[in-house]
Amino acid sequence: MFLGFDISTSIVGISCIDKQGEIIFCEHCDLRKCNGLFEKIDVFRQFLNNIRFLQPVVREIWIEEPFVFFNSGGSSGKTMAILQRFNGMASVAIRDTFHMDPKSVG
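Residues numbered from 1 in each chain as written. Predicted model: local features only at pLDDT ≥ 70, side-chain atom pairs only at ≥ 80, totals over all residues. Heavy atoms only, no water.

Q: How would you explain the state of the cysteines if you had to name every residue and give the values?
A: Applying the stated criterion across every chain yields a total of 0 disulfides. Looking at Cys-16, it has no disulfide partner, and the nearest cysteine sulfur is the one in Cys-26, 10 Å off. On the accessibility criterion, Cys-16 (0% relative accessible area) is buried. Left unpaired, Cys-34 is separated from the closest cysteine sulfur, that of Cys-29, by 7.3 Å. Here Cys-34 falls in the buried class, since its relative accessible area comes to 11%. (Disulfide = S-S within 2.5 Å. Buried < 20%, exposed > 50% of the residue type's maximum accessible area, 1.4 Å probe, protein only.)

Q: Can you explain the pairing of strand β2 (residues 11-17)? Please cite residues and give values.
A: Going residue by residue along β2, you find Val-12, Ile-14 and Cys-16 tucked away on one face and Ile-11, Gly-13, Ser-15 and Ile-17 left uncovered on the opposite face. In this antiparallel pair of consecutive strands, strand β1 (residues 2-6) and β2, the connection spans 4 residues. In terms of strand pairing, β2 meets strand β3 (residues 23-30) through 7 bridges, oriented antiparallel. Bridge pairing links Val-12 to Cys-29 in β3. The turn linking β2 back onto β3 is made up of 5 residues, and Gly-21 within it adopts a positive phi angle of 90 degrees. (Helix = DSSP H or I, 4+ residues; strand = E, 2+ residues; numbered from the N terminus. Pairing = 2+ DSSP bridges.)

Q: Describe the packing of aromatic side chains, and please don't skip the residues or the numbers.
A: Enumeration according to the criterion identifies 3 aromatic pairs in this entry. A centroid spacing of 4.9 Å and a plane angle of 20 degrees characterise the contact between Phe-2 and Trp-62, whose relative ring orientation is stacked. Taken together, the residues Phe-2 in strand β1 and Trp-62 in strand β4 (residues 60-64) connect sequence positions 60 residues apart. What makes Phe-2 buried here is its relative accessible area of 15%. By relative accessible area, Trp-62 is classed as partly exposed at 28%. Relative to Phe-44, the ring of Phe-5 lies with its centre 6.2 Å away and its plane at 85 degrees, an arrangement referred to as edge-to-face. Of this pair, Phe-5 sits in strand β1 while Phe-44 sits in helix α1 (residues 36-50); the two residues are 39 residues apart in sequence, bridging distant segments of the chain. Like Phe-5, the residue Phe-44 is buried in the burial classification. (Phe/Tyr/Trp six-rings, centres within 6.5 Å; stacked < 30°, edge-to-face > 60°.)

What follows is the structure, encoded as structure tokens:
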């Protein structure tokens, strides 16, 4: 089974799929009401603890790489820096919970 994360500072999407591509689990962690990155990571860590039941079947963990390119009308450097910081914090939380290194995918 593969566990995939789409990490954002507002909502984190999580899906677990089997080798045939069938969705086993699909959920999200809503962080929009949290204040600051540390509260967000605390809420996300609690969410991870709630889905720890997936650990015995997960063989690989994938995390979508955060967007890093500027474009006019898009994210500012400050916004992108916050997303990168949270992505790192979330990656460590995922590693701590599932005891395996997540792989980044573009």
